[in-house]
Every structure is written in C-alpha cells, then in structure tokens.
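For reference, the chains in residue letters:
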Amino acid sequence: MSQWRYHNPVAVHFGTGVIDQVAEQIGPRKWLLVTQAQAPFAPMRERLTARTHAPLAIADAIAPNPSLAMLQGLCNQLRPEANDIEVIVALGGGSVMDTAKFLAAGHCDYMSVACYLDGLVKLSGKSLPIIAIPTTAGTGSELTKWATIWDPDQGRKLSLNRDDLYAEAAFIDPDLTASLPWALTLASGLDALSHALESIWNRNATPVTRGFAVTAAGDVLKALARLHVNLEDRDARCLLARGAMGAGLAFSNTQTALAHNISYPITLKHGVAHGIAASFCLPEVMTAAIGVDVECDVALRAVFGDLDSAAQALRRVLSDLGVAGTPQAYGIGEEEWRRILADAFDGPRGRNFNGVPAKFPSEPIL
Ligand SMILES: [Fe+2]
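Residues numbered from 1 in each chain as written. Predicted model: local features only at pLDDT ≥ 70, side-chain atom pairs only at ≥ 80, totals over all residues. Heavy atoms only, no water.

Engineer: Which residues make up the overall build of the protein, and what values do they have?
Structural biologist: Helix and strand counts for the protein come out as 15 helices and eight strands. With the principal axes as the frame, the protein shows a C-alpha extent of 60 × 45 × 45 Å. Every one of the 366 residues in the protein was classed for burial, and the buried ones make up 58%. When contacts within the protein are restricted to residue pairs at least 6 apart in sequence, those whose partners lie at least 24 apart make up 78%. Carbon and sulfur atoms form 53% of the exposed surface of the protein, whose accessible area is close to 15000 Å². Between the averaged position of the 30 positive side-chain charges in the protein and that of its 37 negative side-chain charges there is a distance of 3 Å. (Helix = DSSP H or I, 4+ residues; strand = E, 2+ residues; numbered from the N terminus. Buried < 20%, exposed > 50% of the residue type's maximum accessible area, 1.4 Å probe, protein only. Contact = heavy atoms within 4.5 Å. Areas by Shrake-Rupley, 256 points an atom, 1.4 Å probe, with all protein chains shown as cover. Lys, Arg positive; Asp, Glu negative; His and termini not counted. Charge placed at Lys NZ, Arg CZ, Asp CG, Glu CD.)

Structure follows, in structure tokens:
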C-alpha cells in the first residue's frame, strides 16, 4: 500500500449551542471580530459578545468575494488597533473567513499581504490566530489553510495558502444556519458537495479523505433534498453542517480539482455564486473521472450506486434542486466554454484531477 499522511490541526467543536463556548476559547486575549453588518448577524454577535469581554475592534464591512480594494479599506480602518489584536474571531460565511485569513496573515497590514500575494516579499512572523464560527454550511474555510482573494480590476483570483492560517479552533453550530434563505443554503451546500466529490476524484486523495468525502457527499445530498421541501427542518440543517464539515476535512488535505478550476472565471466574469459555478457541471466532471482509478470508483459507487447511471442521477438531483446544467444558462458562449475547459485542465486545481480530458462530454449531460 502506498504511503500517505493526513493533517488538520483545527480543534473542531460541533453541535447546537457550541457558539456559547467561544468565550472560553478567546480567554483574556484582545480580539478582533470579523463579521457582517447585515441583520441576521446581529443576534449571533450579541450571543457571542454577551459571554465575553468586548472586542477591541470590529470589521463588519465585508462584501462577498473579498477584493483587494475592500481589504485595503478594512486594513486602513483597523490601523489604530492593529498592533494590539491578539486573536481574530471570524463569524460568517466564506467571505468573512477569507477576509479574516487575509487580516491574520499580515496582522491587518494591507501592503505586506498584497506584496506577498504578488510574490514580491515573504511574510515575516506568524499569522494571528483565528477562531472560526461558520454561519453557512458549505465553504469549509474554517477547516482549511487557504483563502481566495479577488482582484476584479486585473481579472485575477489570488490564493493565500499558509500552514499558519489554519484556525486554532472552529465552532460549528448548525443553529446559526437556521435562518439562511434557500438560495444561500443551496449555493453553500452545493459548494460542500463539490468539495466532497472533488476530493474523491483527486490525485491527492487518501483513504482518510475519501472516507470523509463519501460520508459528506451522502449527508449533503440528503440534507439539501430535505431542506428544499422544508427550510425549517433543523435535523437537515445539522446534517448539512456535518456534511460541509466532512467535506472540509477531506479537501483541506487534497485541495479541490477540475470543477473548481472551471468555476473561477465563471464567478469572476459572470458573477455566478461560487457554489453554483463549482457544481453545475459536476456530472460531466464525474464522467471524465469514472473508470480511471479503482479506489475513486469505489468511493463514487458508495455515493451514487451504479456508476453507469451516476452522472445522470447527479444531473437529476441538480435539476430537481433548480440548478441549470448548461454553460449557456450562465451566459457562457461555446467558444468561451471551450477556453474555460482547456484552461481548467491546465491549472493547478485541474492537475489535481485524476480524470481524463478526452472523457469529458462535449455536450452537457441533460
Ligand atoms: Fe468551493
């Protein structure tokens, strides 16, 4: 048997009410709260701050898909307190987590991280510690050491990837996702499904990551079907949070693969939500992966049953959830789609993919 390792240093606290244990984790440290200002976050902020001392500073002007310009503004705002912050508490979805990692890496100094992302300098010293409290079930960012930063002015997607950006602890409380509307529930849930499947058809997969991923994919599929019928289903919220966590534990060690590489230009140029962009062509990606690696096939069979009908079955699931299956539905023309695919196979995430380009269907599986 080949050698492999698995590593994830995040202390995971899971379950209804774990948000009440965050105060203990913060302890006497001076903390920065990174969150969003919108209404659904107000009661969560209150619950969090009711049990501990007040944060030294709050950064809550977080736009989706954090851009360099937005991060520069935040760092300017935080300059008076930056040197005193001892720990960052991130309460929110993927954009909040990514913002927290950017701030942690440079101790809230914009230029040092911006220059680091351009490959101009090394970052000196260790990142600030992060306590992650996800309020969506999907990104898994609370369990990974990387962040996606966007540079829309130059059409670039930048990746921050450092061992010291793993959170010191993640508090995953499914109750925090209870009020999420369907569109956000779906997009974040499908992001988790994509993480699980992408870590299965991945050259970096191990028995541990595939174990997490198979269970996670099953949890997410079951949970989304239930929440589509009844958004108030608390048990399904728990199942989705558990699935997103399992997917996070899986892809934190494998990274993602082809479907994510396909998604980035679609999000950047067409504004499609990440979870939708990263999942609408999963059936086609799966077709290119099936029959290439025995262990991968075993894992996919554990999720979908018969592999001959797996891609069709997944297309039916996506369609039932209201997800369109053609690039055209997202405003992508034929020529652009061909270019996106070619670039996606060539990029670093594409090279993680263990499938075969020639097996990728030329037409969407509908
Ligand atoms: Fe993702």
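Engineer: Could you give me a rundown of unusual backbone geometry, with the residues and numbers involved?
Structural biologist: With glycine set apart, most residues show a phi of negative sign, and most peptide bonds adopt trans. You will see that C108, though not glycine, has its phi angle at about 70 degrees, which is positive. Structurally, the position occupied by C108 is in the loop between α4 (94-105) and α5 (110-117). Under the relative-accessibility criterion, C108 is labelled buried at 5%. Phi at Q255 is positive, roughly 65 degrees, even though this residue is not glycine. Mapped onto the fold, Q255 is located in the loop between α8 (234-254) and α9 (258-270).

Engineer: An account of the packing of helix α3 (residues 68-78) against α4 is requested, with residue identities and associated values reported.
Structural biologist: Running from amino to carboxyl end, α3 crosses α4 at an angle of 55 degrees, the nearest separation of the two axes being 11 Å. One finds that α3 runs oblique with respect to α4. Crossing of α3 over α4 shows right-handed handedness. Across the interface between the two elements, L68, M70, L71, L74, C75 and L78 of α3 pack against T99, F102 and L103 of α4. Split by residue class, the contact of α3 with α4 holds eight nonpolar, one polar and no charged. (Axes fitted to C-alpha atoms, helices over the stretch in contact; angles between N-to-C directions. Parallel < 35°, antiparallel > 145°, perpendicular 65-115°, else oblique. Left-handed = near helix turned anticlockwise from the far one by under 90°. Nonpolar A, V, L, I, M, F, W, Y, C, P; charged D, E, K, R; others polar.)

Engineer: Describe the coordination of the iron ion, and please don't skip the residues or the numbers.
Structural biologist: Ideal values for angles at a metal depend on the geometry: 109.5 degrees with four tetrahedral donors, 90 or 180 degrees with six octahedral donors. Ligation of the iron ion by protein atoms is provided by D191 (OD), H195 (NE2), H260 (NE2) and H274 (NE2), these donors lying 2.1 to 2.2 Å from the ion. For the iron ion, the four donor atoms in the first shell make angles of 82 to 167 degrees at the metal, a pattern classed as irregular. (Donors = N, O, S within 2.8 Å, 3.2 Å for Na, K, Ca; no water. Tetrahedral: all angles 85-135°; square planar, octahedral: opposite > 155°, others 65-115°.)

Engineer: Describe in detail the pattern of salt bridges, supporting the description with residues and values.
Structural biologist: The full count for this structure, using the stated rule, is 14 salt bridges. The shortest N-O distance in the salt bridge between R47 and D20 comes to 2.9 Å. Taken together, the residues span a long stretch of sequence, with R47 in helix α2 (residues 42-50) and D20 in the loop between β1 (11-14) and α1 (22-26) at a distance of 27 residues. Among the residues examined, D20 registers a relative accessible area of 22% and is labelled partly exposed. Ionic pairing is found between D293 and R210, a salt bridge with its closest N-O pair at 3.6 Å. With a gap of 83 residues between them, D293 in the loop between α11 (282-289) and α12 (294-304) and R210 in helix α7 (residues 207-229) connect regions that are remote in the sequence. In this structure, a network of salt bridges that share partners links the residues D20, R47 and R51. (Salt bridge = Lys/Arg side-chain N within 4 Å of Asp/Glu carboxyl O.)

Engineer: Report on the domain arrangement of the protein, specifying residues and quantitative values.
Structural biologist: Domain assignment breaks the protein into domain 1 (11-175) and domain 2 (180-359). The C-alpha centroid of domain 2 is placed 26 Å from the C-alpha centroid of domain 1. Each side of the interface is counted separately: domain 1 has 23 residues, and domain 2 has 24 residues. Of the roughly 1900 Å² buried at the junction of domain 1 and domain 2 (both faces included), carbon and sulfur atoms supply 71%. In terms of surface lost to domain 2, no three residues of domain 1 exceed A137, W146 and W150, which account for 27% of the buried area on that side. (Domains from an automatic or database assignment. Buried area = accessible area lost by both parts, 1.4 Å probe.)

Engineer: Could you give me a rundown of the pairing of strand β2 (residues 31-34), with the residues and numbers involved?
Structural biologist: Along β2, one buried face is formed by W31 and L33 and the opposite face, lined by L32 and V34, is buried too. Bridge count for β2 against strand β4 (residues 87-92) is four bridges, and the pairing is parallel. Bridge pairing in β4 places L33 opposite V89. (Pairing = 2+ DSSP bridges.)

Engineer: Tell me about helix α14 (residues 334-346), and name the residues and values.
Structural biologist: Taking 1.5 Å per residue, 13 residues should reach 18 Å; α14 reaches 19 Å between its end C-alpha atoms and fits that length. Among the residues of α14, those classed as buried are E336, W337, I340, L341, A344 and F345. For α14, the angular spread of buried residues about the axis comes to 165 degrees, placing them on one side. Exposed side of α14, more than 90 degrees from the buried face: D343 and D346 are the residues found there. Those residues of α14 hidden inside the fold are in contact with α9 and α15 (348-352). (Expected span 1.5 Å × (residues − 1). Arc of directions from axis to C-beta.)

Engineer: Account for the packing of α7 against α12, naming residues and giving values.
Structural biologist: Closest axis-to-axis distance for the α7/α12 pair is 9 Å, and the angle between their directions is 25 degrees. Our classification of the angle between α7 and α12 gives roughly parallel. Regarding α7 and α12, the two cross each other, and that crossing is right-handed. Between α7, through R210, V214, A217 and L221, and α12, the contact on the second element is made entirely by E295, C296, A299, A302, V303 and F304.

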